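# Understanding the architecture of this molecule
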Amino acid sequence: GAMTVENDLIDSPILQAKVPLLAEAAKLIADPQVRNRGTIGGDIAHADPANDHPALAIAVDATFVLQGPHGRREVKAEDFFLGIYTTAMADDEILVSLRMPAFAAHTGWAYEKLKRKTGDWATAAAAVVLRLEGGQVAQVRIALTNLASTAIRARAAEDELLGKPLSDTSIEAAAEAAMAICDPAEDLRGDIEYKTAMAGQMLKRAVRAAASRC
């Protein structure tokens, strides 16, 4: 449900077993006070590119259920975010729930987030979900936080990994591909060059961490 608070995500035995990325990543959001009140639906519907759940939702292939006067409809996470504070949700709709597939066997996951201090938004962050089969990457989804006007799926980075054994070379190529699509805003957290470089570093860390969990 859209009104599920962050701490309930963290404590959910279902998410811990089926979609553990959401349970773990929620620990990196804000601070305990916010996690007791802040909801996953609010984080997503707000559509702030610095929020964590948009990229996480893209990485786990989530579908959003929207309710309006004409009934319900579903929108894929990667089609939902149109710009800063702008979504595919109509003015007379609300987000009521999220759906996502359980992770298949041999799936690894990670969310690597660089931030200045506890409770801060990400300077740069990368969410990775990948599955290994026969020593090669059989499936992978990568999404980035606070590196453009919306959370973005790094498809070119995925292509550098898919169907190949994981290696320093392929991971480096994926990082370069992800950095190529970054268009962050310069602010007190860093300039464009620094944030873009950190996107590459967060992606490399996330890929390696995800692989270690397969």
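Above: the structure in question.
Throughout what follows, the structure given in this document is the object of discussion. Values in this document were obtained by computation on a predicted structure and should not be read as measured data. (Residues numbered from 1 in each chain as written. Predicted model: local features only at pLDDT ≥ 70, side-chain atom pairs only at ≥ 80, totals over all residues. Heavy atoms only, no water.)

## Looking at the sheet that holds strand β5 (residues 94-99)
Spatial strand order, β2-β1-β5: 3 strands in an open sheet with antiparallel pairing. Looking along the sheet, the strands with just one partner apiece sit at the ends: β2 (71-76) and β5. The sheet shows a mean angle of 30° between the axes of neighbouring strands, taken without regard to direction. Looking at chain direction, strand β1 (residues 63-68) and β2 are connected through 6 bridges and run antiparallel. When the bridges of β2 are listed, G68 appears paired with G71. (Pairing = 2+ DSSP bridges. Helix = DSSP H or I, 4+ residues; strand = E, 2+ residues; numbered from the N terminus. Axes fitted to C-alpha atoms, helices over the stretch in contact; angles between N-to-C directions.)

## Brief notes about helix α9 (residues 168-180)
For α9, with 13 residues, the first-to-last C-alpha span of 18 Å sits near the 18 Å given by 1.5 Å per residue. Buried within α9 are the following residues: S170, I171, A174, A175, A177 and A178. Here the buried residues of α9 occupy an arc of 165° about the axis, which is enough to place them on one side. Exposed residues pointing more than 90 degrees away from the buried face of α9 are listed as D168, T169 and A180. Close packing links the buried residues of α9 with β8 (136-145), α8 (155-161) and α10 (192-212). (Expected span 1.5 Å × (residues − 1). Buried < 20%, exposed > 50% of the residue type's maximum accessible area, 1.4 Å probe, protein only. Arc of directions from axis to C-beta. Contact = heavy atoms within 4.5 Å.)

## Description of the sheet that holds strand β6 (residues 107-114)
Read across the sheet, 4 strands follow the order β6-β7-β8-β9 without closing on themselves; strand pairing throughout is antiparallel. With partners counted over all chains shown, the strands left at the sheet margins are β6 and β9 (152-153), one partner each. Contacts from α10 reach β6, β7 (124-133) and β8, with the element oriented near 30° to β7.

## Considering the nonpolar core
Core analysis: the biggest nonpolar cluster contains 38 residues, and L21, I44, F64 and F80 have the highest contact counts within it. In this structure, F80 is in contact with I44, F64, L66, V75, T86, T87, A88 and M89, ignoring residues within four places of it in sequence. Ranked by size, the runner-up nonpolar core spans 29 residues in total, among them L130, L144, A148 and A199. (Core = buried A, V, L, I, M, F, W, Y, C linked by side-chain atoms within 4.5 Å.)

## Let's talk about the packing of aromatic side chains
Throughout the structure, instances matching the rule amount to 3 aromatic pairs. The interplanar angle of 85° and the centroid separation of 4.9 Å between the aromatic rings of F64 and F80 together place this pair among those described as edge-to-face. Pair noted here: F64 is in strand β1 and F80 is in helix α7 (residues 77-80), with a separation of 16 residues, a long-range link. In this pair, the class of F64 matches that of F80, namely buried. An angle of 80° between the planes, with centres 6.1 Å apart, marks the rings of F64 and F81 as edge-to-face. A residue pair is termed long-range when its members are at least 10 positions apart, and F64 in strand β1 and F81 in strand β3 (residues 81-83) qualify at 17 residues. Each member of the pair F64 and F81 is classed as buried. An aromatic cluster of at least three residues, connected via ring pairs, comprises F64, F80 and F81. Positioned above the aromatic ring of W109 is the side chain of R213, whose terminal nitrogen or guanidinium carbon lies 3.9 Å from the ring centre. (Phe/Tyr/Trp six-rings, centres within 6.5 Å; stacked < 30°, edge-to-face > 60°. Lys NZ or Arg CZ within 6 Å of the ring centre and 35° of its normal.)

Distances and angles like these do not, on their own, reveal function.
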